[in-house]
Amino acid sequence: MLALQLDDFMVELTDGALKNVGPSNKSGSAKLFDTETVEAREFGDKRVKVVAGDGEGNEVQVALFPEQVRALADDIAELEAESRVLE
């Protein structure tokens, strides 16, 4: 399941093209639940792309710099050591 939340979001659709309407103060978030696949791969020269997908064809991609990947790996190691969630 893919959940999207868009704030202050308005676009104009004209002849198949999207155009920003109003100020550029838009923000949004995406959440993907019930993932079936997840992978990490090189992205460019300095980043790692994490890709997660569900069975409905929804996909979320996140490009991380090396220090972010290391911080995430540390968080996962801490969860393994201190939480029952990864038992």
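See above for the structure.
Criteria and thresholds
Residues numbered from 1 in each chain as written. Predicted model: local features only at pLDDT ≥ 70, side-chain atom pairs only at ≥ 80, totals over all residues. Heavy atoms only, no water. Pairing = 2+ DSSP bridges. Helix = DSSP H or I, 4+ residues; strand = E, 2+ residues; numbered from the N terminus. Axes fitted to C-alpha atoms, helices over the stretch in contact; angles between N-to-C directions. Contact = heavy atoms within 4.5 Å. Salt bridge = Lys/Arg side-chain N within 4 Å of Asp/Glu carboxyl O. Buried < 20%, exposed > 50% of the residue type's maximum accessible area, 1.4 Å probe, protein only.

Student: Help me get a handle on the sheet that holds strand 6 (residues 47-54), residues and values and all.
Tutor: Pairing in this open sheet of three strands is antiparallel, and the strands run 5-6-7 from one edge to the other. Taken across any chain shown, the strands that pair with only one partner, and hence form the sheet edges, are strand 5 (35-43) and strand 7 (59-64). Each strand axis lies, on average, 15° off the axis of its neighbour in the sheet, ignoring direction. Strand direction decides the pairing type here: strand 6 and strand 7, joined by six bridges, are antiparallel. Opposite A52, over in strand 7, you have V60 as the bridge partner. Contacting strand 6 and strand 7, helix 1 (residues 66-82) crosses the sheet at an angle of about 115° to strand 7.

Student: So what's going on with the pattern of salt bridges? Which residues, and what values?
Tutor: Taken as a whole and assessed by the stated rule, the structure comprises one salt bridge. R41 is the salt-bridge partner of E39, the closest N and O atoms lying 2.6 Å from each other. On the basis of relative accessibility, which here comes to 42%, the residue E39 falls in the partly exposed class.

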